[in-house]
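# What the coordinates show
If you want the building blocks of each chain, they are given just below.
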Amino acid sequence: MAALLIVAHAPLASALASVARHTGLNPDAVIEAFDVPPGLRGLDEISERVRDVLVRMNQPQVLVLTDVFAASPCNAALQCADGVSVRVVSGVNVPMLWKVVDHVHDPLDQLVAAAVAAGQQGVMQLSTPAPQVQPRRAAAHDQNHAQHQQ
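Residues numbered from 1 in each chain as written. Predicted model: local features only at pLDDT ≥ 70, side-chain atom pairs only at ≥ 80, totals over all residues. Heavy atoms only, no water.

## Focus: unusual backbone geometry
For the bond from A10 to P11, the omega torsion is 0 degrees, close enough to zero to count as cis. Relative to the assigned elements, P11 resides in the loop between β1 (3–9) and α1 (12–23). Phi at N58 takes a positive value of approximately 50 degrees, unusual for a residue other than glycine. The residue N58 is located in the loop between α2 (42–57) and β3 (62–66) in this model. Look at A70: it is not a glycine, yet its phi comes out positive at around 75 degrees. Residue placement: A70 occurs in the loop between β3 and α3 (72–80). With relative accessibility at 44%, the residue A70 sits in the partly exposed group. (Helix = DSSP H or I, 4+ residues; strand = E, 2+ residues; numbered from the N terminus. Buried < 20%, exposed > 50% of the residue type's maximum accessible area, 1.4 Å probe, protein only.)

Structure below.
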């Protein structure tokens, strides 16, 4: 079973961890959060703190979900990931989170693929813009237009 670590700009990681626990999808899931506060000095300090959380978790496999690709939380997580027992997926959203929590017993490769798929599928446009009301302009060959001008 993989554990889950959410690393994001404060207070997003803690909020997402609360959402994950709130669902009750998998009460056995190990879920930790690290909120990156605005006052940390550089990537090395953030990476050290993420590494400390990973050591404290003491799990054989960890999936790290981060908020924004190439931002400090993501870069720090990447510095701590070995690509084998610790993997990183960026762009965390609630559908991704719920899928991961529900499937923590899957092999880590499958869990990563499920996280990415659920994250992508969870983003969709649900409404369309209202049609614009514009007066109809008659074309020169429009016979109705010719009749109206007589």
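## Observations regarding the environment of V7
Secondary-structure assignment places V7 in strand β1. Residues V7 and P73, spaced 66 residues apart in sequence, show a C-alpha to C-alpha distance of 5.7 Å. Dropping the residues within four chain positions of it, V7 is found in contact with A13, F34, V36, V50, V64, L65, T66, D67 and P73. (Contact = heavy atoms within 4.5 Å.)

## Some words on the sheet that holds β1
Either a parallel or an antiparallel arrangement is found when strands of a sheet pair, and the pairing is made through backbone hydrogen bonds. Judged by pairing direction, the sheet is parallel, and its four strands sit side by side in the order β2-β1-β3-β4 without closing on themselves. Of all strands in the sheet, those bounded by a partner on one side alone are β2 (31–36) and β4 (86–90). Put simply, the sheet's adjacent strands are angled 20 degrees from each other on average, direction ignored. Where β3 and β4 come together, five bridges link them in parallel fashion. Across the sheet, L65 pairs through a bridge with V89, a residue of β4. (Pairing = 2+ DSSP bridges. Axes fitted to C-alpha atoms, helices over the stretch in contact; angles between N-to-C directions.)

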